[in-house]
Amino acid sequence: MNHDERTFDIDELASLAGLPRRTVRYYIQEGLVDRPEGSRKGATYGSRHLEQLLAIRRWRDSGLSLERIRQLLAERAAPSEGIEKSRGPGTVEVVTRVIVSEGVEILLEPRASGLSPEQVRMFISEVAAVYNRISSTGDK
């Protein structure tokens, strides 16, 4: 912990994170949050601890299990392992859902596809044009 960094006791930390003190202790016990500097009443926490708690709270509010949160925290610690490994049950992804017509939808993950916003717009425009051309032939 940086010595110029502001430190908190567990009550301040819990209050800033919007969590009960007991929950903070539980997360530390489970290894989801780093142990404090010092021990017992002299234990102090820094911004890193607060960031960890806020991330956990955000993920819990999104409905993730503690086990999935543990995986996400591990992936944060080792970001070089890549995106593909993080895909699996419980993975949270942001995708664009394009409705071309009733019954015709496209799911697009712009970041993974490597398309720029302009290329995404061109792709959608071309798909809509192809759909309109095919559907206007009257062969059903």
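What you are looking at is a predicted structure, and each value in this text was computed from that prediction instead of being measured. (Residues numbered from 1 in each chain as written. Predicted model: local features only at pLDDT ≥ 70, side-chain atom pairs only at ≥ 80, totals over all residues. Heavy atoms only, no water.)

A. Highlighting the side chain of histidine 49. Relative to the elements of secondary structure, histidine 49 occurs in helix α3 (residues 47–61). A relative accessible area of 0% means that histidine 49 is categorised as buried. At 3.2 Å, the side chain of histidine 49 forms a polar contact with the backbone oxygen of arginine 35. (Helix = DSSP H or I, 4+ residues; strand = E, 2+ residues; numbered from the N terminus. Buried < 20%, exposed > 50% of the residue type's maximum accessible area, 1.4 Å probe, protein only. Polar contact = N/O pair within 3.5 Å; in protein donor to acceptor, adjacent residues only side chain to side chain.)

B. Structural context of the environment of serine 65. On the secondary structure map, serine 65 appears in the loop between α3 and α4 (66–77). Within polar-contact distance, the side chain of serine 65 engages the backbone nitrogen of arginine 68 at 3.0 Å.

C. A look at α3. Over its 15 residues, α3 runs 21 Å from end to end, which matches the ideal 21 Å to within 8%, given 1.5 Å per residue. Buried residues of α3: His49, Leu50, Gln52, Leu53, Ala55, Ile56 and Trp59, and no others. Glycine 63 sits one or two residues past α3 and shows a positive phi near 95 degrees. (Expected span 1.5 Å × (residues − 1).)

D. Representation of the packing of aromatic side chains in the model. Enumeration over the complete set of coordinates arrives at 1 aromatic pair. Pairing tyrosine 26 with tyrosine 27 gives two aromatic rings, centres 6.2 Å apart and planes at 50 degrees, and the pair type is tilted. Its end group placed over the ring of tryptophan 59, arginine 58 keeps NZ or CZ at 5.9 Å from the ring centre. (Phe/Tyr/Trp six-rings, centres within 6.5 Å; stacked < 30°, edge-to-face > 60°. Lys NZ or Arg CZ within 6 Å of the ring centre and 35° of its normal.)

E. Representation of the packing of helix α1 (residues 10–17) against α3. Contact geometry for α1 and α3: axes closest at 9 Å, N-to-C directions at 40 degrees. In terms of their interaxial angle, α1 and α3 are classed as oblique. Along this stretch, α1 crosses α3, giving a crossing that reads as right-handed. Taking contact as the criterion, the partners of Leu13, Leu16 and Ala17 in α1 are, on α3, His49, Leu50, Leu53, Leu54 and Arg57. (Axes fitted to C-alpha atoms, helices over the stretch in contact; angles between N-to-C directions. Parallel < 35°, antiparallel > 145°, perpendicular 65-115°, else oblique. Left-handed = near helix turned anticlockwise from the far one by under 90°. Contact = heavy atoms within 4.5 Å.)

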